[in-house]
Amino acid sequence: KSELANTVFLLDEPENHLHPSAVIDLLKKLYEVADSTQIWVATHSIPLLAYIASVEPMSIWYVDDGRVTNAGRNPKIVLDSLLGGEDGISQLYAFTGLPAQLAAVNYASESLFPPQVIATGANDPQVNQIEKLIQKIGTSNVVNLLDYGAGKGRLLQGLAAALEEASKTVASSFSYFAFDAYPDDKIECLKTISESYLDSEARYFNDDNEFFSSKDEKSIDVVVMCNVLHEIPPQKWLPIFSVDGLISRALKDDGYLLIVEDQRIPVGEKAHDYGFLVLDTSQIKTLFCITEVEMKSDLFCVDDRRGDGRLKAHLISKSLLNRITSDSRKAALTQLCQSAKQNIQKLMVSEPSYANGQIYAFWLQQFANSSLFLTEN
């Protein structure tokens, strides 16, 4: 390092011989080891100029008609020269914005198709989240669990795999039952159940009468809705959570509903006529008219497994379920619409990237879907 002190480096278009990222790495290294030197770079490389501008924008100079002038804090002068004017700059902007645009377009197109079932395993974070939260219920015996909207039995598969790693069987911890209003995945779900229980046919149901013909009322400790609520049309929320609905009738008086949702579902979907609607804690609190005091009690529990606000689970006491009304539903969706609007406004001024493009499309869908329902109902 001392040998490089007070040295002047002259680099003439290093991008001609090195990959753009390698040129930037070289310059970074020179900055680190030669802090008392001068580095002069003659370049036409936009990636390299972008890096230099991020470090010291006042150090960029340009040559025009034989004259050397400092670009200052106006990089457009340099870009005009290198790219041939506004059209070239627009093309560059469009190209660098492609990842964000691609993500947004992909998500929007996915939102025209029905939901897809995702496979799971022992390390599924949502399954682990569910298992840990069920322990909070405090049931010492085998937990009677109803998987509402079971699909192909993804939840059971995950629980079985997780417990197998702990040298346990799912049947020793859970008495599992599956409910799905649509029998499309019945065969696959029954197959999954049969891998853990001998009486698989007695553990799968497609309607309320079928369930209560086999099971008693108040026989279930916990009803789990894993990535299901966002797929249910809002007009069905009131009957589903009413005192006469399957969930309330099936739950024991000290039972719980566990709602688990991915707050940034990575693939768009058209779950129903209004698309999909993902409720966060504030909207669920409003939907079920839950008070601040109740949020701090055993009646309501929120779990943010990863701490980033994405994988949220809400454990809700049976005693709170029948509070939902058309007014509380409207208030919850109004909050969702407003939240979506605020997030869209933030993302519109954020750095364009594939991740931001995907999140932007997610919130656009939330805004559109909640607005559609509120306008038509």
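Keep in mind the model is a prediction, meaning the values are calculated, not measured. (Residues numbered from 1 in each chain as written. Predicted model: local features only at pLDDT ≥ 70, side-chain atom pairs only at ≥ 80, totals over all residues. Heavy atoms only, no water.)

**Digging into helix H9 (residues 186-194)**
All of the buried residues in H9 are Cys189, Leu190, Thr192 and Ile193. Looking straight down H9, one finds that the buried residues subtend no more than 160 degrees of arc, so they occupy a single side. H9 presents Ile187 and Lys191 as exposed residues on the side facing more than 90 degrees away from its buried surface. Residues of H9 that are buried sit in contact with helix H7 (154-165), strand E6 (174-179) and strand E7 (204-205). (Buried < 20%, exposed > 50% of the residue type's maximum accessible area, 1.4 Å probe, protein only. Helix = DSSP H or I, 4+ residues; strand = E, 2+ residues; numbered from the N terminus. Arc of directions from axis to C-beta. Contact = heavy atoms within 4.5 Å.)

**With respect to H7**
In this model, H7 (12 residues) spans 17 Å end to end at C-alpha, consistent with the 16 Å of a helix rising 1.5 Å per residue. For H7, the full list of buried residues reads Arg154, Leu155, Leu156, Gly158, Leu159, Ala162 and Leu163. Buried residues along H7 sit in contact with helix H6 (125-135), strand E5 (143-148), helix H8 (170-173), E6, H9 and strand E8 (220-226). A positive backbone phi angle near 60 degrees is found at serine 167, which sits one or two residues after H7. (Expected span 1.5 Å × (residues − 1).)

**Considerations on the pattern of salt bridges**
Summed over all chains, the structure comprises 11 salt bridges. Among the ionic pairs, lysine 218 bridges to aspartate 253, the shortest N-O distance being 3.4 Å. Linking lysine 218 in the loop between helix H10 (208-214) and E8 with aspartate 253 in strand E9 (residues 251-262), this pair joins segments that are 35 residues apart in sequence. Accessibility expressed as a relative area gives 54% for aspartate 253, which makes it exposed. Overlapping salt bridges, with partners in common, bring together Lys218, Asp253 and Lys318 in one network. (Salt bridge = Lys/Arg side-chain N within 4 Å of Asp/Glu carboxyl O.)

**Examining the state of the cysteines**
Taken as a whole and assessed by the stated rule, the structure comprises zero disulfides. Summary of cysteine pairing: cysteine 289 is not part of a disulfide, and the nearest cysteine sulfur, belonging to cysteine 337, is at 20 Å. Of the residues examined, cysteine 289 reaches a relative accessible area of 38% and is grouped as partly exposed. (Disulfide = S-S within 2.5 Å.)

**Examining unusual backbone geometry**
The phi angle at serine 167 is positive, at roughly 60 degrees, despite the residue not being glycine. Residue position: serine 167 is located in the loop between H7 and H8.

**Topic: the packing of H6 against H7**
The relative placement of two packed helices is expressed as an angle between their axes plus a distance between the axes. It is the contact of H6 with H7, at a shortest axis distance of 9 Å, that shows an interaxial angle of 75 degrees. The orientation of H6 with respect to H7, classified from their angle, is roughly perpendicular. Across the interface between the two elements, Gln126, Val127, Asn128, Ile130 and Glu131 of H6 pack against Arg154, Leu155, Gly158, Leu159, Ala162 and Leu163 of H7. When grouped by side-chain class, the residues that make up the contact of H6 with H7 number six nonpolar, three polar and two charged. (Axes fitted to C-alpha atoms, helices over the stretch in contact; angles between N-to-C directions. Parallel < 35°, antiparallel > 145°, perpendicular 65-115°, else oblique. Nonpolar A, V, L, I, M, F, W, Y, C, P; charged D, E, K, R; others polar.)

**A few points about the pairing of E5**
Each regular strand displays side chains that alternate between the two surfaces of the sheet. Counting buried residues along E5, six of its six residues qualify, which places the element largely inside the surrounding structure. As paired elements, E5 and E6 share six bridges and run parallel to each other. Counted as the bridge partner of leucine 145 is tyrosine 176 from E6. As paired elements, E5 and E8 share three bridges and run parallel to each other. Paired with leucine 146 across the bridge in E8 is valine 223. (Pairing = 2+ DSSP bridges.)

**Things to note about the pairing of strand E2 (residues 38-42)**
In terms of strand pairing, strand E1 (residues 8-12) meets E2 through five bridges, oriented parallel. Across the sheet, the residue bridging to phenylalanine 9 is isoleucine 39, located in E2. Once the chain exits E1 it traverses helix H1 (residues 20-33) before rejoining the sheet at E2, and the crossover so formed is right-handed. (Right-handed = clockwise from strand over helix to strand, strands pointing away.)

**Quick look at the sheet that holds strand E10 (residues 300-304)**
Spatial strand order, E7-E6-E5-E8-E9-E11-E10: seven strands in an open sheet with mixed pairing. In the strand order of this sheet, the two ends are held by E7 and E10, each with one partner. Here E9 runs beside strand E11 (residues 311-317); their pairing, made up of seven bridges, is antiparallel. Each bridged residue has a counterpart across the sheet, and for isoleucine 259 the counterpart in E11 is histidine 314. Most of the contacts of H6 go to E9, to which it runs at about 155 degrees, and overall it touches E5, E6, E8, E9, E10 and E11.

**Some remarks on a nonpolar patch on the surface**
On the surface, Val8, Leu10 and Trp40 cluster together into a nonpolar patch covering about 360 Å² of accessible area. For valine 8, the location among the structural elements is in strand E1. (Patch = residues over 30% accessible without salt bridge, like charges linked within 9 Å, V, L, I, M, F, W, Y side chains within 5 Å. Areas by Shrake-Rupley, 256 points an atom, 1.4 Å probe, with all protein chains shown as cover.)

**So, the nonpolar core**
Residues Leu146, Tyr148, Met225, Trp237, Phe241, Ile247 and Phe288 are the most contacted members of the largest nonpolar core, which totals 49 residues. If you tally residues by element for this core, the top one is helix H15 (residues 326-348), at six residues. Setting aside residues up to four positions removed in sequence, phenylalanine 241 forms contacts with Met225, Leu229, Ile247, Ser248, Leu257, Phe288, Leu321, Asn322 and Ile324. Membership of the second largest hydrophobic core comes to 30 residues, among which are Ala150, Leu156, Ile193 and Leu258. (Core = buried A, V, L, I, M, F, W, Y, C linked by side-chain atoms within 4.5 Å.)

**With respect to the packing of aromatic side chains**
Within the structure shown, the criterion is met by eight aromatic pairs. Ring centres 5.2 Å apart and planes at 80 degrees place the aromatic pair tyrosine 274 and phenylalanine 373 in the edge-to-face group. One end of the pair, tyrosine 274, is in the loop between E9 and helix H13 (281-287); the other, phenylalanine 373, is in helix H16 (residues 354-376), with 99 residues separating them in the sequence. With a centroid separation of 6.1 Å and 35 degrees between ring planes, the pair formed by phenylalanine 276 and phenylalanine 362 is classed as tilted. Here phenylalanine 276, found in the loop between E9 and H13, pairs with phenylalanine 362, found in helix H16; they are 86 residues apart in sequence, far enough to count as distant. In this structure, phenylalanine 276 and phenylalanine 362 share a single accessibility class: buried. Among the aromatic side chains, those forming a connected cluster through ring pairs are Tyr107, Phe276, Phe362 and Trp363. Positioned above the aromatic ring of phenylalanine 177 is the side chain of arginine 203, whose terminal nitrogen or guanidinium carbon lies 4.9 Å from the ring centre. Above the ring of phenylalanine 212, the side-chain terminus of arginine 249 is found at 3.9 Å from the ring centroid. (Phe/Tyr/Trp six-rings, centres within 6.5 Å; stacked < 30°, edge-to-face > 60°. Lys NZ or Arg CZ within 6 Å of the ring centre and 35° of its normal.)

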